[in-house]
Amino acid sequence: MNELQTILSDSVNGLLSERVTKDLVQKAEEGEWPDALWNEIETNGLTRVLVPEAQGGAGATWADAAIVLKAAGEHVAPVPLAEAVLANWLLAEAGIGIPDGVVTLLDGDFKLQGGTLSGRAEGVPWGRSASYGVAVLGDAVALVPLAGAAIEPGINVAREPRDRVTLEAAAAVAKPAELPRDALMLYGALIRSCQMAGALGYLSSQSVAYANERTQFGKPIGKFQAIQQQLAVLSTQAAASGIAADYACAQLDKRGSEAAFEIAVAKIRTDDASSIATSIAHQVHGAIGFTYEHGLHFATRRLWSWRAEFGAGAEWAERLGRETISRGADALWPYTTAR
């Protein structure tokens, strides 16, 4: 890692490992907003990691931001850190000032008219706690305050807020930006891939640690070959997912929106890995892993939820398949190896 990446890693992992406790996550799942945690995250500039220095950010790359996004997944931070990182980057790309406060993504059907925004978005992460929402409308990015929005609370499997947000002629700031038309789905898939890679890394380390602690027939279960084989599969899935997410971020820095192929691959890979890894992790932990008192489920439930957001792996696989067919059989190998 370079100097900035080391600083980011120490900052985000140190903060989240200390502040994101089991009690805090449980309270968040019961509907309590972790205001102190969010304030520390903002104070440390983590939500503005991709914002240029001239606009008050860290001026980092996506390869750098991957450290923050993976940490958010590894520590199951019960705040929209990943969403804020993406939202603030979109605002910076459009030259819109970055607001203070909680910001989230509005992925829905909206119309911009006369400086106002109207429409509805389903499944908005932490919509009830957000001060602002960011939407992509064709070739424009819009920032809208959510103070007057109609919000219907909802949750996903991990009990994270996923709310319905309805806007009626809400005042908005919108400016053009050079983004793909499916920017929210594309880059949303990337932040989820990074979070999932982080959570998968947690499953791997937690399962290895438990296997070395839990004894059966007079020795740790991690000494049994069958368990070792399963842990090897789990570790491989976690490592492959981390590499896919990191590579997608690096290619986004290099190719811009042309990195859609790598982002799709990352989402497909982390989606597939989550099914395999969560099964193994719960088998290794046995009955205790299914209890609410144990922390394993915080990660597994998020993996089950995140894999369906911003396009499931099957949707991205179909997209890649259609693109491959459209190029023709002779172009498959050259296109793939050129990446």
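Residues numbered from 1 in each chain as written. Predicted model: local features only at pLDDT ≥ 70, side-chain atom pairs only at ≥ 80, totals over all residues. Heavy atoms only, no water.

> What am I meant to see in the overall build of the protein here?
Looking only at helices and strands, the protein features 11 helices and 10 strands. On C-alpha atoms alone, the protein measures out to a radius of gyration of 20 Å, which is about the 20 Å that the 2.2 N^0.38 rule sets for 339 residues. With the C-alpha coordinates of the protein rotated into their principal frame, the extents come out at 75 × 55 × 40 Å. Expressed as a percentage of its 339 residues, the buried residues of the protein come to 51%. The contacts in the protein between residues at least 6 apart in sequence include a share of 72% that link residues at least 24 apart. (Helix = DSSP H or I, 4+ residues; strand = E, 2+ residues; numbered from the N terminus. Rg over C-alpha atoms; globule rule 2.2 N^0.38 Å. Buried < 20%, exposed > 50% of the residue type's maximum accessible area, 1.4 Å probe, protein only. Contact = heavy atoms within 4.5 Å.)

> Whenever I open this one, the nonpolar core confuses me. Can you help?
One finds Trp62, Leu90, Leu106, Val141, Leu167, Tyr187 and Leu203 to be the most contacted residues of the largest nonpolar core, which totals 108 residues. For this core, the element with the highest residue contribution is helix H6 (residues 183-213), accounting for 15 residues. Looking at which domains feed residues into this core, each of domain 1 (3-176) and domain 2 (182-338) supplies at least three. Those residues within four positions of leucine 106 in sequence are excluded, and the remaining contacts are Ala121, Val124, Gly133, Val134, Ala135, Val144, Leu146, Val165, Leu167 and Leu184. (Core = buried A, V, L, I, M, F, W, Y, C linked by side-chain atoms within 4.5 Å. Domains from an automatic or database assignment.)

> Before we go on, may I ask you to explain the environment of proline 34 in this structure?
With respect to the helices, strands and loops of the structure, proline 34 is situated in the loop between helix H2 (22-29) and helix H3 (35-43). Separated by 246 residues in sequence, proline 34 and isoleucine 280 place their C-alpha atoms 31 Å apart. With residues up to four places along the chain from it excluded, the contact list for proline 34 reads Leu24, Pro78 and Val79.

> Please clarify how the UniProt feature "domain: Acyl-CoA dehydrogenase/oxidase C-terminal" (unreviewed entry) in the protein should be interpreted in this entry.
UniProt records the feature "domain: Acyl-CoA dehydrogenase/oxidase C-terminal" (unreviewed entry) for residues 191-302 in the present numbering. Between the C-alpha atoms that bound residues 191-302 the distance is 13 Å, and the span itself is 78% helix and 4% strand. (UniProt positions renumbered as here; feature names shortened; annotations may be inferred.)

> Even after reading the chapter, I still don't get the sheet that holds strand S8 (residues 173-176), so can you show me in this structure?
Strand pairing in a sheet takes place through backbone hydrogen bonds and is either antiparallel or parallel in direction. Taken together, the 4 strands give an open sheet; going across it, the order is S1-S4-S5-S8, and neighbouring strands pair in mixed fashion. The sheet is open, and its two edges are formed by strand S1 (103-105) and S8, each paired on a single side. Sheet twist, expressed as the average angle between the axes of neighbouring strands with direction ignored, equals 25 degrees. Where strand S4 (residues 132-137) meets strand S5 (residues 140-145), 6 bridges bridge the pair, whose relative direction is antiparallel. Note on S5: the bridge partner recorded for tyrosine 132 is proline 145. (Pairing = 2+ DSSP bridges. Axes fitted to C-alpha atoms, helices over the stretch in contact; angles between N-to-C directions.)

> Got a minute to help me understand the pairing of strand S3 (residues 116-125) in this structure?
Consecutive side chains of a regular strand alternate in pointing toward one face of the sheet and then the other. Taken together, the 6 bridges between strand S2 (residues 108-113) and S3 define a ladder with antiparallel strand orientation. Paired with glutamine 113 across the bridge in S3 is threonine 116. Following S2, the chain reverses through 2 residues before pairing antiparallel with S3; glycine 114 in that reversal takes a positive phi of roughly 60 degrees.

> Looking at this structure, how should I read the side chain of threonine 47?
Note on placement: threonine 47 falls in the loop between H3 and helix H4 (62-74). For threonine 47, a relative accessible area of 3% corresponds to the buried category. Not counting residues within four places of it along the chain, the set of residues in contact with threonine 47 comprises Trp38, Ile41, Glu42, Leu81, Ala84, Val85 and Asn88.

> What is the right way to read the UniProt feature "domain: Acyl-CoA dehydrogenase/oxidase N-terminal" (unreviewed entry) in the protein from this model?
Here, UniProt's "domain: Acyl-CoA dehydrogenase/oxidase N-terminal" (unreviewed entry) annotation points to residues 3-91. The straight-line gap between the two end C-alpha atoms of residues 3-91 is 26 Å; of that span, 65% is helix and 0% is strand.

> Before we go on, may I ask you to explain the packing of aromatic side chains in this structure?
What describes a pair of aromatic rings is the distance from one ring centre to the other and the angle between the planes of the rings. On inspection of all chains with the given rule, the structure shows 6 aromatic pairs. Arranged with centres 5.1 Å apart and planes meeting at 85 degrees, the rings of tryptophan 89 and tyrosine 187 form a pair that is edge-to-face. With tryptophan 89 in helix H5 (residues 81-94) and tyrosine 187 in helix H6, this pair connects stretches of sequence that are 98 residues apart. Residue tyrosine 187 is classed as buried on the basis of its relative accessible area, which comes to 2%. Judged by centre distance (5.5 Å) and plane angle (85 degrees), the ring pair of phenylalanine 261 and tyrosine 335 falls under edge-to-face. Placement of phenylalanine 261 in helix H8 (residues 260-285) and of tyrosine 335 in helix H11 (residues 329-337) is noted, with a sequence separation of 74 residues between them. A relative accessible area of 19% means that phenylalanine 261 is categorised as buried. Taking the relative accessible area as the measure of exposure, tyrosine 335 reaches 23% and is therefore partly exposed. Ring pairs connect the aromatic residues Trp62, Trp89 and Tyr187, which therefore count as one cluster. (Phe/Tyr/Trp six-rings, centres within 6.5 Å; stacked < 30°, edge-to-face > 60°.)

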